[in-house]
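Geometric and topological summary
Letter by letter, the chains look like this.
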Amino acid sequence: MNKKRLLAASYGHLSIDVLNASVAMILTLVATRYDLTIAQIGFGAMMYQIMAAMSQPLFGGLTDRLQGRWVGVLGLAWTAAFFAAAAFMPNYPLFITVLMIGGLGSGAFHAAGMLNASVSGGSKAATATSYFFLGGQTGLALGPILAGILVAPLGLMGMPVMAALTLPAIVMMFMYMNDALPTAPRVATQSASQSRASRMHAAAALTITAFVLFILFRSGTSQGFATLLPAYFASAGYTAAEFGLMLGIFNFAGALGTLAGGYLGDRFNRRTVMIAASFLSAPFAYLMLHTSGPAFFVSAILAGALLSMPHSILLVLAQELAPNNRGLVGGLVLGFIFASGSIMAWLEAIVATNVGLAPVLSVVAFFPLLAGVVGFWLPDRPRPQPVIAAPAATAAD
């Protein structure tokens, strides 16, 4: 395991997700200044995430071509620069536009960082990827807390301070994530009869559909909570510092769940782990909305951990299905996770504007049950080993 490369990728993930996780919190805190509705908060958060998500396949392909170099560090620096610049924009349209442009850097970082992390793990790709997402989930936990500490008292001028906190990660990534990744063994193309090819295409279509639906239902809950919980807790009377801490605990539990998911995914049946985590997460996601005190913290910790457990497994599983294009496939899957979650969160915000946050989030909490059902159609097989094409025959001596 290349520990320096993995540490640089994970620290970068922590740093950029501190910024990403604070966007919904910042929009909630400045809602009065810009006279924003719940739907407008959801739309702003969606547009930021969409910009990052839609660019990830592009940057994934670029990462494959550059063998993992430069894309990640430049992506983090880009996002930090535009995050800081947004604080000086005079109105909301310019504010959200600058944030959206900065989101391109997040797309670049996630595509490159994920590939660097999985390759650094060697035969323990799921474990290494879980460390990468541990960094990201820790950033998601710290983002609302730092936004509550810095943006609540300083206003938007707290954003450049948060952006400056990424500088150590930029330096570390420049040092340890800019050497070329080892080339993966290419899988030989095998001929198949027409009937066998038809069966393979049907199986591929079912697998892709299962991936899409599993991601859609999971992201609908995880991104919906990330976007709407700040407004939900604010409406319940909690201060910014209080609900920042509550969200931080929920997200940090997600970090531990991601790590546990990677560990379990390298040792047990991956599909079983993903299905079990999806089914078990739903009741705790519901309970954290309707409890307080110690009961809230217990349910939030369990909900956060179980909701995040399939994350690293899902990405490694997708990369193993297309080992010749790991960066591109990883970017496609991660981009779809962000894009689908952002769109679902925006739609949930629109409904919540009309019927209220509590009933909408209560329904959204049970989306993982649908993901668990879909999970039975995900691939269930041992980790594939590359089939190396036989060398061409040489002339006899």
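Since we're looking at a predicted model, the values are computed, not measured.

So, about the overall build of the chain. When you go through the chain residue by residue, the secondary structure sums to 16 helices and zero strands. The proportion of buried residues among the 397 residues of the chain is 54%. When contacts within the chain are restricted to residue pairs at least 6 apart in sequence, those whose partners lie at least 24 apart make up 86%. Just so you have it, the chain exposes about 16700 Å², and 71% of that area is on carbon and sulfur atoms.

Topologically, Ser-22 is positioned in helix 1 (residues 3–29). Judged by relative accessible area, which is 0%, Ser-22 ranks as buried. Those residues in contact with Ser-22, other than ones at most four positions away along the chain, are Phe-83, Gly-143, Ala-147 and Met-162.

This part is about helix 11 (residues 270–289). For helix 11, spanning 20 residues, the distance from its first C-alpha to its last is 29 Å, which sits close to the expected 28 Å at 1.5 Å a residue. Along helix 11, the helix axis deviates most sharply at Ser-281, where the bend reaches about 30 degrees; the proline Pro-283 sits within four residues downstream. Every buried residue belonging to helix 11 is among Arg-270, Val-273, Met-274, Ile-275, Ala-277, Ser-278, Ser-281, Ala-282, Ala-285, Met-288 and Leu-289, and all of these are buried. Its side-chain oxygen at 3.1 Å from the backbone nitrogen of Arg-271, Asn-269 defines the N-terminal cap of helix 11.

Before going further, it helps to spend a moment on the pattern of salt bridges. All told, the structure shown has one salt bridge when counted by the stated rule. For Arg-270, the salt bridge is made with Asp-266, and the minimal N-O distance between the two is 3.2 Å. Overall, the relative accessible area of 11% leaves Arg-270 in the buried class. Of the residues examined, Asp-266 reaches a relative accessible area of 12% and is grouped as buried.

Position of Val-273 among the secondary structure elements: in helix 11. Looking at Val-273, the relative accessible area reads 10%, which means it is buried. Setting aside chain neighbours within four positions, we find Val-273 in contact with Leu-264, Phe-268, Met-309 and Ile-313.

In the predicted model, the chain carries a mean pLDDT of 81, and the fraction of residues at 70 or more is 87%. Contacts from residues 187–192, a stretch scored under 50 in pLDDT, to residues over four places away or in other chains number eleven contacts. This stretch, residues 382–397, has a pLDDT under 50; its non-local contacts, to residues over four places away or in other chains, come to 14 contacts.

This next bit is on empty space enclosed by the protein. This structure, assessed with the given rule, holds two cavities of 30 Å³ or more. As a volume, the largest cavity reaches approximately 640 Å³. As for the largest cavity, its lining consists of 36 residues, and the residues nearest its centre are Gln-137, Leu-140, Ser-222, Gln-223 and Ala-226. Broken down by secondary-structure element, the contributors of at least two residues to the lining of the largest cavity are helix 1, helix 3 (38–66), helix 6 (125–154), helix 9 (194–235), helix 10 (240–265), helix 12 (294–308) and helix 14 (326–355). With nine residues, helix 9 is the single largest residue contributor to the lining of the largest cavity. The residue makeup of the lining of the largest cavity, split by class, is 18 nonpolar, 16 polar and two charged. Taken together, Arg-218, Ala-277, Ser-278, Ser-281, Leu-306, Leu-307, Pro-310 and Pro-368 make up the full set of residues lining the second largest cavity. At the level of secondary structure, the elements contributing two or more residues to the lining of the second largest cavity comprise helix 11 and helix 12. Here the lining of the second largest cavity takes three residues from helix 11, the largest share from any one element.

Before going further, it helps to examine the nonpolar core. If you look at the biggest cluster of nonpolar residues, it comprises 58 residues, and the most contacted ones within it are Ile-26, Phe-83, Phe-95, Leu-99, Met-159, Phe-225 and Leu-229. In contact with Phe-225, not counting residues within four places along its chain, are Pro-230, Phe-250, Ala-285, Met-288, Leu-289, Leu-361, Val-364 and Ala-365. Within the second largest apolar cluster, 43 residues are counted, among which are Ile-50, Ala-53, Leu-76 and Ala-277.

So, on to a nonpolar patch on the surface. On the surface, Leu-62, Leu-66, Trp-70, Leu-74, Val-171, Phe-174 and Met-175 cluster together to form a nonpolar patch covering roughly 680 Å² of accessible area. Those elements that provide at least two residues to the nonpolar patch are helix 3 and helix 8 (167–176). At three residues, the largest contribution of residues to the nonpolar patch is made by helix 8.

Interaxial distance between helix 1 and helix 8 falls to 9 Å at its minimum, and their mutual angle equals 150 degrees. In terms of orientation, helix 1 and helix 8 fall into the roughly antiparallel class. The crossing of helix 1 and helix 8 is left-handed. Residue-level inspection shows Lys-4, Arg-5, Leu-7, Ala-8, Tyr-11, Gly-12 and Ser-15 of helix 1 in contact with helix 8, the latter providing Pro-168, Ala-169, Met-172, Met-173 and Tyr-176. Looking at the contact of helix 1 with helix 8 residue by residue, the classes come out as eight nonpolar, two polar and two charged.

This brings us to the packing of aromatic side chains. For the structure shown, the criterion picks out eleven aromatic pairs. Look at Phe-225 and Phe-250: their rings are 6.1 Å apart centre to centre, the planes differ by 40 degrees, and that puts the pair in the tilted class. Taken together, the residues Phe-225 in helix 9 and Phe-250 in helix 10 connect sequence positions 25 residues apart. When its relative accessible area of 0% is taken as the criterion, Phe-225 is described as buried. Measuring from centroid to centroid gives 5.3 Å for Phe-296 and Phe-297, while their planes differ by 75 degrees, and the two rings are edge-to-face. With a relative accessible area of 32%, Phe-297 lands in the partly exposed category.

What counts, and where the lines are drawn
- Residues numbered from 1 in each chain as written.
- Predicted model: local features only at pLDDT ≥ 70, side-chain atom pairs only at ≥ 80, totals over all residues.
- Heavy atoms only, no water.
- Helix = DSSP H or I, 4+ residues; strand = E, 2+ residues; numbered from the N terminus.
- Buried < 20%, exposed > 50% of the residue type's maximum accessible area, 1.4 Å probe, protein only.
- Contact = heavy atoms within 4.5 Å.
- Areas by Shrake-Rupley, 256 points an atom, 1.4 Å probe, with all protein chains shown as cover.
- Expected span 1.5 Å × (residues − 1).
- Bend = angle between axes of the 7 residues up to and from the residue.
- Polar contact = N/O pair within 3.5 Å; in protein donor to acceptor, adjacent residues only side chain to side chain.
- Salt bridge = Lys/Arg side-chain N within 4 Å of Asp/Glu carboxyl O.
- pLDDT = per-residue confidence, 0-100.
- 1 Å grid on protein atoms, 1.4 Å probe; cavity = no way out; pocket = protein on both sides within 12 Å on 5 of 7 lines; lining within 4 Å.
- Points joined across faces, edges and corners; volume = space filled by probe spheres on them.
- Nonpolar A, V, L, I, M, F, W, Y, C, P; charged D, E, K, R; others polar.
- Core = buried A, V, L, I, M, F, W, Y, C linked by side-chain atoms within 4.5 Å.
- Patch = residues over 30% accessible without salt bridge, like charges linked within 9 Å, V, L, I, M, F, W, Y side chains within 5 Å.
- Axes fitted to C-alpha atoms, helices over the stretch in contact; angles between N-to-C directions.
- Parallel < 35°, antiparallel > 145°, perpendicular 65-115°, else oblique.
- Left-handed = near helix turned anticlockwise from the far one by under 90°.
- Phe/Tyr/Trp six-rings, centres within 6.5 Å; stacked < 30°, edge-to-face > 60°.

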